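Fold and geometry: a report
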Amino acid sequence: MSLADVVASELPPQINPALPPPAFTAEQAGHLIACPLCDALHEEREIATGETARCARCHAVLEQPRSMAMTRIIMLALSALVLMIAAMFFPFLELSVAGRVQRSSLLDTILAFSNGMTAPLTIAMASLIVILPTVRFLSLVYVLAPMAFGHRPARHADFFFRLADHLRPWAMAEVFIVGVAVALVKVAGLAHLSIGPAFWAFVALVLVTVLKDNFMCRVTVWKTLETRRS
Amino acid sequence: MEDARDAPVLTARRAGMIACTECGKVHVPGPERCDRCGSRLSSRDETSLQRVWAWLGAGLVIYVPANVYPMLKTTLLGKTTNSTIFGGVVDLVHHGSYGIAGIVFFASIMIPVAKFIAIAYLALSVTHRVKLSPGKRQHLYEVVEFVGRWSMIDVFVVAILASLVQLDFAAAINPGIAAISFALSVAFTMLSAQSFDPRLIWDASEEPEQ
């Protein structure tokens, strides 16, 4: 019986609290991939560039190789870093009431909570909007740049790629942009508002981030890391 | 389609193997960490449900002050008004900006409450029999995971307003104490959702009918 038959055949539905004896040898297991969400086993196959492999049971994406993905992710992460610097220091929104102009940059927004009881939120804001996205971009570049140039992976590359993956839900740049839109409308009745250059830098940043995450396929990156290491 | 989803399939656990949830590599039991990506290996995360309930409880408790205390302190010509999350929505409706009122209502009231219910339902579905099929429950889990961070909008709005509207006597907006508890509540529910091991959803459906 071939490996594919074993995987395809339906086993009697019984669950042991302890693990049953392994059905495959370590060598056979090398040709298997498990769905990270539902644990279903699949036979590992070469996935052509541009195609998407999904779990047969829960339809979660298993592998999604894209052409030039590594180079594209690096380029996008680098542009995101440049945009982040621009977004930090240029004015973000301008408010003018009766001849007075109030400018606010991203830095001011982060410091908005720094007085009184809400001071701890300053750190959280800085992390969610600036620090964590930046750490993510930097670690992606660190992990992928040596691989795109055909070198061996950098030291601790697996730690930094895991870090980038775990930080993903906590990097909230795009949530912030929608927050700006809501704030714009809230104040619109009170005073005249105009959007500064940093706002557009931030919108570009969000678009670049979304594009980058679309190119990224976790399993493909891990497999490349593994083959390059040996 | 539904049939294909619910048909028993060979999982890594049933084959006596341990799969890495980070990179999908299948291991023979033994190593503590995945040799491809270095993540910690476990067939099932036994403490998953405990952590889900703990974070969920923390998120629920701290959601109460988030709604009771003021989120925004608005000073107009020397007169200060405090507004809670719900009060802010009511104000927006009075001003006629229904769209924004809808977004804020949705992001800061509907989504957090729906998330509490959804996470509790998912955690209960592991130990109790429920109507929803595993496929649909996993979909629910993915939605909860995706939507969680968007509740942070209101905290960001408060920060932006507070940094922007500082016109001395004429008008000033300052953040209220509810901002911090709301932010914590969102963070705790995100942690709760992340603690959930989605593989548990499918295990229950694999047990024999009694």
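Residues numbered from 1 in each chain as written. Chains lettered and ligands numbered in written order. Predicted model: local features only at pLDDT ≥ 70, side-chain atom pairs only at ≥ 80, totals over all residues.

A closer look at the UniProt feature "transmembrane region" (unreviewed entry) in chain A
All names here are of chain A.
- When the UniProt feature table is mapped to this numbering, "transmembrane region" (unreviewed entry) covers residues 73-93, 123-149, 170-193 and 199-221.
- With 81% helix and 14% strand, residues 73-93 has end C-alpha atoms that lie 30 Å from one another.
- Split by type, residues 123-149 is 96% helix and 0% strand. Its first and last C-alpha atoms lie 37 Å apart. (UniProt positions renumbered as here; feature names shortened; annotations may be inferred. Helix = DSSP H or I, 4+ residues; strand = E, 2+ residues; numbered from the N terminus.)

Considerations on the interface of chain A and chain B
- Taken together, the contact pairs 65 residues of chain A with 63 residues of chain B.
- For the side of chain A that touches chain B, the per-class residue count stands at 48 nonpolar, seven polar and 10 charged. (Contact = placed C-beta atoms within 7 Å. Nonpolar A, V, L, I, M, F, W, Y, C, P; charged D, E, K, R; others polar.)

Here we look at the domain arrangement of chain A
Residue and element names in this part refer to chain A.
- Split by domain assignment, chain A resolves into domain 1 (1-65) and domain 2 (69-229).
- Averaged C-alpha coordinates put domain 1 and domain 2 at centres separated by 36 Å.
- Domain 1 puts four residues into the contact, and the matching count from domain 2 is four residues.
- Tallied by class, residues from the side of domain 1 that touches domain 2 come to two nonpolar, one polar and one charged. (Domains from an automatic or database assignment.)

Some words on helix α6 (residues 157-167) of chain A
- Residues Ala157(A), Asp158(A), Phe160(A), Phe161(A), Arg162(A), Ala164(A) and Asp165(A) constitute the buried set of α6(A).
- Buried residues belonging to α6(A) abut α5 (120-148) and α9 (218-229) of chain A. (Buried ≥ 20, exposed ≤ 12 C-beta atoms within 10 Å, placed from the backbone.)

Digging into the domain arrangement of chain B
- As assigned here, chain B comprises domain 1 (1-43) and domain 2 (45-206).
- Here the C-alpha centroids of domain 1 of chain B and domain 2 of chain B sit 32 Å apart.

Focus: the nonpolar core
- Leu161(B), Ala179(B) and Ala183(B) are the most contacted members of the largest nonpolar core, which has 126 residues in total.
- For Ala183(B), the contacting residues outside a window of four places in its chain are Leu121(A), Ala124(A), Met152(B) and Val155(B). (Core = buried A, V, L, I, M, F, W, Y, C linked by C-beta atoms within 7 Å.)

A closer look at the sheet that holds strand β5 (residues 166-167) of chain B
All names here are of chain B.
- Strands sit in the order β4-β3-β6-β5 across an open sheet of four strands; the sheet is antiparallel. With partners counted over all chains shown, the strands left at the sheet margins are β4 (79-83) and β5, one partner each.
- With two bridges connecting them, β5 and strand β6 (residues 171-175) associate as antiparallel partners. Bridge assignment links Leu-167 to a residue of β6, and that residue is Ala-171.
- Along the sheet face, helix α6 (residues 153-164) touches β3 (72-76) and β6 and points at about 145° away from the line of β6. (Pairing = 2+ DSSP bridges. Axes fitted to C-alpha atoms, helices over the stretch in contact; angles between N-to-C directions.)

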